[in-house]
Amino acid sequence: MNHTPRGRGRAWAELVCLIAALASSPATQAQNTVRTSTVPDLPVERMSVTGLVENSLGMKFRTVPGGKVQFSIWETRVQDYEAFVMASGRSWGKPGFDQGKQHPAVNVNWEDAQAFCRWLTTQERKAGRLTAPQRYRLPTDEEWSLAVGLGTESGTSPEDKMKQRVIWPWGSYWPPRNREGNYASELQVDTFPHTSPAGSFSPNAGGLYDLGGNVWEWCEDWYNAAQVTKVLRGGSFNDAHPATLLASYRFQGTMNLTGEDIGFRVVLESKSLPP
Ligand SMILES: [Ca+2]
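Residues numbered from 1 in each chain as written. Predicted model: local features only at pLDDT ≥ 70, side-chain atom pairs only at ≥ 80, totals over all residues.

Our focus in this paragraph is the environment of S88. As for its placement among the helices and strands, S88 is situated in helix α3 (residues 78-88). Take S88: there are 13 C-beta atoms within 10 Å of it, and that puts it in the partly exposed class. Residues S88 and W119, spaced 31 residues apart in sequence, show a C-alpha to C-alpha distance of 8.4 Å. (Helix = DSSP H or I, 4+ residues; strand = E, 2+ residues; numbered from the N terminus. Buried ≥ 20, exposed ≤ 12 C-beta atoms within 10 Å, placed from the backbone.)

Laid out in structure tokens, this is it:
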């Protein structure tokens, strides 16, 4: 999938030029070392995680510092989404590559992600695991920015906010180093040609895995005031361009868009939204 920025202003063009210069410099190329070992496919059970809340599907959640919701530490996995598909009969197209149950679910559009959240909320309320104000939903664009470490951004829409900081999910340098995420093969940072199991790489400072890379993640918000497309964040195993992989980059898609590099992450909201 070609995630090309479009409709950007002069400042954005200058930023892209700056990043392109960074990416092509000999100093940064030298950091982009060829991998020499195989990335282990860690089973989730072996990972050391603390301070987490676990739900009925075995999804784990933690509060992002400064945030008001609990984030799933992983992208929604095949085994999570499969439980929903089995219970609801919802159609789901498999990708053209093999996936284990701990890989992120792909080929899910924004409506599919919403339906998953509604189903899981209903199931867990019935089981007494959630109280009435609690619910699962997609993160807002603002919450996702907080989770990836961007803090508060100025601007009125996600589109406005993507033109600001030169920082990536792994830090303030380009390119990413070995095993800093599942990105496109030309970056040579991982051994996965497509998706990778949840928890295959180190979490970010907030304890969340794969915010950058693996699969694009749907957010609740409209991309801009036109209210035609929704926001996706984080890049994927298909992406290698420095501008596209910025922590502040927003991809956009209509609510029925699906792709083999598009998935989602959910949050658990425990209080009613303010009016
Ligand atoms: Ca991701």
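Okay, back to it.
In space, the five strands of this open sheet follow the order β1-β2-β3-β9-β4, with antiparallel pairing throughout. Sheet topology places β1 (53-54) and β4 (135-137) at the edges, where each strand pairs with a single neighbour. In this sheet, strand β9 (residues 267-269) lies alongside β4 in antiparallel orientation, the contact comprising three bridges. Note on β9: the bridge partner recorded for R137 is V267. (Pairing = 2+ DSSP bridges.)

All right, on to the nonpolar core then. In terms of nonpolar packing, the biggest core is built from 56 residues, with A113 and A147 touching the most fellow members. With five residues, helix α4 (residues 110-126) is the single largest residue contributor to this core. Leave out the neighbours within four places in its chain, and A147 touches V64, G67, F71, P139, G206, L208 and L211. (Core = buried A, V, L, I, M, F, W, Y, C linked by C-beta atoms within 7 Å. Contact = placed C-beta atoms within 7 Å.)

Once that is clear, we can look at the pairing of strand β6 (residues 230-233). Taking every second residue as pointing to the same face, both faces of β6 are buried, with K230 and L232 on one and V231 and R233 on the other. Sheet analysis places strand β5 (residues 216-222) next to β6, joined by three bridges and oriented antiparallel. Bridge assignment links W222 to a residue of β6, and that residue is K230. Judged from the four bridges that link them, β6 and strand β7 (residues 250-253) form a sheet pairing that is antiparallel. Within the sheet, the bridge partner assigned to L232 lies in β7 and is F251.

Take unusual backbone geometry next. Here the amide bond leading from W174 into P175 is cis, since omega sits at 0°, within 30 degrees of zero. Considering the arrangement of structural elements, one finds P175 in the loop between α6 (158-161) and β5. One non-glycine residue, R179, adopts positive backbone phi at about 65°. Assignment of secondary structure puts R179 in the loop between α6 and β5. The class of R179 is partly exposed, set by 16 C-beta atoms lying within 10 Å. Positioned with a positive phi, Q188 is a non-glycine residue whose angle comes to about 55°.

The subject of this paragraph is the sheet that holds strand β8 (residues 262-264). Strand order in this open sheet of four strands is β7-β6-β5-β8, and the pairing throughout is mixed. Edge strands, defined here as strands with exactly one partner in the open sheet, are β7 and β8. Taking each pair of neighbouring strands and ignoring which way they run, the sheet shows an average axis angle of 50°. Pairing geometry for β5 and β8, over three bridges, is parallel. Following the sheet pairing, W216 is matched in β8 by I262. (Axes fitted to C-alpha atoms, helices over the stretch in contact; angles between N-to-C directions.)

What follows concerns α3. Of all the positions in α3, only V78, D80, Y81 and F84 are classed as buried. Projected onto a plane normal to the axis of α3, the buried residues spread over an arc of 165° and lie on a single side. When the buried face of α3 is taken as reference, the exposed residues oriented beyond 90 degrees from it are M86 and A87. Lining the buried residues of α3 we find α4. Trailing α3 by a residue or two, G89 shows a phi angle of about 75°, which is positive. (Arc of directions from axis to C-beta.)

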